[in-house]
Amino acid sequence: MEESLRTYKVVTYGCQMNVHDSERLSGLLEEAGYAKADGDGDPDLVVFNTCAVRENADNKLYGNLGRLAPAKQANRGMQIAVGGCLAQKDRETIVRKAPWVDVVFGTHNIGHLPTLLERAAVERKAQVEILESLETFPSTLPTRRESAYAAWVAISVGCNNTCTFCIVPALRGKEEDRRPGDILAEVEALVAEGVVEVTLLGQNVNAYGSDLGDRQAFSKLLRACGEIEGLERVRFTSPHPKDFTDDVIAAMAETPNVMHQLHMPLQSGSDTVLRAMRRSYRQERFLGIIEKVRAAMPDAAISTDIIVGFPGETDEDFEQTLHVVREARFANAFTFQYSKRPGTPAAEMADQVPKAVVQERYDRLIALQEEISWEENKKQVGRKLEILVAEGEGKKDDRTDRLSGRAPDNRLVHFSRPEGGVRPGDMVTVEITYAAPHHLLAEGPVLGVRRTRAGDAWEKRQAAPAAKPAGVMLGLPTIGAPVRTEAAAAGGGGCGCE
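The rules behind these values
- Residues numbered from 1 in each chain as written.
- Predicted model: local features only at pLDDT ≥ 70, side-chain atom pairs only at ≥ 80, totals over all residues.
- Heavy atoms only, no water.
- Helix = DSSP H or I, 4+ residues; strand = E, 2+ residues; numbered from the N terminus.
- Buried < 20%, exposed > 50% of the residue type's maximum accessible area, 1.4 Å probe, protein only.
- Contact = heavy atoms within 4.5 Å.
- Areas by Shrake-Rupley, 256 points an atom, 1.4 Å probe, with all protein chains shown as cover.
- Pairing = 2+ DSSP bridges.
- Salt bridge = Lys/Arg side-chain N within 4 Å of Asp/Glu carboxyl O.
- 1 Å grid on protein atoms, 1.4 Å probe; cavity = no way out; pocket = protein on both sides within 12 Å on 5 of 7 lines; lining within 4 Å.
- Points joined across faces, edges and corners; volume = space filled by probe spheres on them.
- Nonpolar A, V, L, I, M, F, W, Y, C, P; charged D, E, K, R; others polar.
- Phe/Tyr/Trp six-rings, centres within 6.5 Å; stacked < 30°, edge-to-face > 60°.
- Lys NZ or Arg CZ within 6 Å of the ring centre and 35° of its normal.
- Core = buried A, V, L, I, M, F, W, Y, C linked by side-chain atoms within 4.5 Å.
- Axes fitted to C-alpha atoms, helices over the stretch in contact; angles between N-to-C directions.
- Parallel < 35°, antiparallel > 145°, perpendicular 65-115°, else oblique.

Trainee: What should I look at first to understand the overall build of the protein in this one?
Mentor: A tally of regular secondary structure across the protein gives 15 helices and 21 strands. Sorting the 498 residues of the protein into buried and exposed places 58% on the buried side. In the protein, 75% of the contacts between residues at least 6 apart in sequence involve partners at least 24 apart. Approximately 20700 Å² of the protein is accessible, and the part contributed by carbon and sulfur atoms is 49%.

Structure, rendered in structure tokens:
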């Protein structure tokens, strides 16, 4: 009788880089002979890929570990592993607080997980391995991607910034860039498998090239992606205003498959607060970038991150943030109430803003941005847009008999289900009939369906038997902007520091 495969589950907290790392962890485990758990019962292995950005990140982890303790007690063969930024930061503390954990590994050695699990099983004691620098670029590891039609592609790891609210550079290390040829080879391989949308990913994505000695390397990379036949949509997240240069704007405007969508983290509109955050741009510089982007791409949808209640923030400082929001007219904003992050300079700053004051400011910001988002979305009514059909984007799709997907500018669109059927990865043309602050509706009939290689790839995957994948599988959890998991903090595209 054939022995059944050990099952695994990866639980991810935090930023897009963590989500992408989890794809690598899944690929490693499946290459080592594990099978993804189907959701019934407890898996043989649970891996927590953690985030250290939020103040309560450790409480969330230890709460989940505590809930697993009885299952581990009942099944001696079960294993638990903890990796990611919190593991890099807390190390032996995790094993001391949760002695039933089998493996603790850091951000620089995810490739060692299968070996560490085997060693823990043989030696019957916890294995803690934390490297201080990256051993191998994660792109060289096997990957189990969750979708057939869109993919992350990491172009760099680490960050050279010193934002006072962010601990990530200390945990992820200095920026290391991949060679352009390696990146483009990965993109071409993805496209060959059916992927039509790629999101270039880095902690500070547009600083790409600083490790290579080429200040224009990022714009060159965008243009090179434009030469890849079959690649229909290119996105990137998240840039830093200090590194956002005119050649990147030109590359976005002049490369047809680079989408007119930009996530540009503001964090604060106050020059005083930006200085305290150690953000090396000021309000005038930020608004200048927005003005240039809109001049080159009037249809660009721009989103942002904003922290409310940073230590020392005054009423006047907050009014400056509201001023920038009014001027920039963001399509949407990811807004966060400041919370102390242990190990960051900001956590030790004087003049921590009272919770009640932070909440009042936060509510005002949300109300303003909701109003602007709705007004900007209403401008889309009557437009005909081509939508990349998504899987799992619309939570109410089954009840409303609709499907969902992303417009070129990354707006979420819900549309009527076409009579002939359509697959995730296909393209549909619809006319927008209604706008809400966070989505658009196309209530009329679909105007056109374009079947794509991505839809073929999705269909092929659905028909394939559930078996251990070999090597690299292709795709992304969702299309459009990479998903923000529940522990994500003030960063749009990295780990809270952009």
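Back to the write-up after that little detour.
Trainee: So what exactly am I meant to see when it comes to the pairing of strand β18 (residues 427–431) here?
Mentor: Working note: regular strand, side chains alternate between the two faces of the sheet. Pairing analysis gives five bridges linking strand β15 (residues 384–389) to β18, with the strands arranged antiparallel. Its bridge partner being in β18, L385 is matched across the sheet by V430. Two elements, β18 and strand β21 (residues 448–450), share three bridges in a ladder whose sense is antiparallel. When the sheet's bridge partners are listed, V428 is paired in β21 with V449.

Trainee: Just to check I follow, could you spell out the pattern of salt bridges for this structure?
Mentor: Opposite charge on two side chains permits pairing when their charged atoms draw close. If you walk through the whole model with that rule in mind, you get 25 salt bridges. For E393, the salt bridge identified is with R406, shortest N-O distance 3.1 Å. Residue E393 is located in the loop between β15 and α14 (397–400), and its partner R406 is located in strand β16 (residues 402–406); the two are separated by 13 residues in the primary sequence. Members of the salt-bridge network, linked through shared partners, are R329, E375, E376 and K379.

Trainee: Would you take a moment to explain the environment of R144 for this structure?
Mentor: Counting through the fold element by element, R144 comes out in the loop between β6 (127–129) and β7 (150–154). A relative accessible area of 18% means that R144 is categorised as buried. Expressed as a C-alpha distance, the spacing of R144 and S22, which sit 122 residues apart in the sequence, is 8.6 Å.

Trainee: How should I be thinking about empty space enclosed by the protein in this particular structure?
Mentor: Unoccupied space between atoms shows up once a probe the size of one water molecule is rolled over them. Under the criterion given, the structure shown has five cavities of 30 Å³ or more. What the largest cavity holds in volume is close to 90 Å³. Looking at the largest cavity, it is lined by 14 residues, and the ones nearest its centre are N206, A207, Y208, R215 and D243. Those elements giving two or more residues to the lining of the largest cavity turn out to be α8 (217–225) and α9 (246–254). Tallied by class, residues from the lining of the largest cavity come to four nonpolar, six polar and four charged.

Trainee: Is there a simple way to think about the packing of aromatic side chains in this case?
Mentor: Each aromatic ring pair is described using two quantities: the centre-to-centre distance and the angle formed by the ring planes. Within this structure, the stated rule accounts for five aromatic pairs. Aromatic side chains F286 and F330 sit 6.2 Å apart centroid to centroid with 65 degrees between the ring planes, which places their arrangement in the edge-to-face category. Here F286, found in helix α11 (residues 283–296), pairs with F330, found in the loop between α12 (315–328) and β14 (332–337); they are 44 residues apart in sequence, far enough to count as distant. Each of the two residues, F286 as well as F330, counts as buried. Taken together, a centroid distance of 5.5 Å and an interplanar angle of 70 degrees make the contact between F310 and Y338 edge-to-face. With F310 in the loop between β13 (301–308) and α12 and Y338 in the loop between β14 and α13 (355–378), the pair connects residues that are 28 residues apart, well separated along the chain. The pair F310 / Y338 is uniform in exposure class, with both members buried. Ring-pair connections join several aromatic residues into one group, and the members of that group are F165, F310 and Y338. Against the face of W374 rests K378, its NZ or CZ located 4.3 Å from the ring centre.

Trainee: Help me understand the pairing of strand β4 (residues 79–84), please; the structure alone is not making it clear to me.
Mentor: With six of six residues buried, β4 is to be regarded as a mostly interior element. Here strand β3 (residues 45–50) runs beside β4; their pairing, made up of six bridges, is parallel. Bridge assignment links V46 to a residue of β4, and that residue is I80. By the bridge criterion, two bridges tie β4 to strand β5 (residues 103–105) in an arrangement that is parallel. Note on β5: the bridge partner recorded for V82 is V104.

Trainee: Just checking my understanding: could you explain the nonpolar core for this structure?
Mentor: Looking at soluble globular proteins, one finds that nonpolar side chains tend to be buried together. The biggest cluster of nonpolar side chains holds 90 residues, and the ones touching the most others in it are F48, L65, L200, L222 and F244. Each residue touching L200, except ones within four places of it in the same chain, is listed here: V153, I155, V205, F218, L221, L222, C225, V234, R235, F236 and T237. In this structure, F415, V428, A442 and V446 belong to the second largest nonpolar core, which totals 15 residues.

Trainee: Sorry, what's going on with the sheet that holds strand β10 (residues 197–201) here?
Mentor: Strand order across the open sheet formed by three strands is β7-β10-β11, with parallel pairing between neighbours. Looking at which strands have only one partner, the edges of the open sheet turn out to be β7 and β11 (233–237). The average undirected angle you get between the axes of adjacent strands in this sheet is 25 degrees. Bridge count for β7 against β10 is five bridges, and the pairing is parallel. Note on β10: the bridge partner recorded for W152 is T199.

Trainee: Quick question: what am I supposed to make of α9 here?
Mentor: A turn of α-helix holds 3.6 residues, and therefore any two residues three or four places apart point the same way. Within α9 the residues assigned to the buried category are D247, V248, I249, A251 and M252. Buried residues along α9 sit against α8, β11, β12 (261–263) and α11.

Trainee: For this particular structure, what's the right way to read the sheet that holds β14?
Mentor: Within a beta sheet, neighbouring strands are joined by backbone hydrogen bonds and run either parallel or antiparallel to one another. Strand order in the open sheet formed by three strands is β12-β13-β14, with parallel pairing between adjacent strands. Looking at which strands have only one partner, the edges of the open sheet turn out to be β12 and β14. Direction aside, neighbouring strands of the sheet carry axes that sit 10 degrees apart on average. Inspection of the sheet shows β12 paired to β13 by three bridges, in the parallel sense. Within β13, the residue paired with L262 across the bridge is I302. Strands β13 and β14 of the sheet are contacted by α13, whose axis makes an angle of about 175 degrees with β14.

Trainee: I'm lost on the packing of α12 against α13 in this one. Help?
Mentor: Between two packed helices, what matters for the description is the angle formed by their axes and the separation of those axes. Running from N to C, α12 and α13 point in directions that differ by 10 degrees, and their axes come no closer than 10 Å. Here α12 is positioned roughly parallel relative to α13, judged by the angle of their axes. Contact residues: α12 offers D315, F318, E319, L322, V325 and R326, while α13 offers R361, R364, L365, L368, Q369 and I372. Taken together, the residues of the contact of α12 with α13 sort by class into six nonpolar, one polar and five charged.

Any link to function would need more than the numbers given here.
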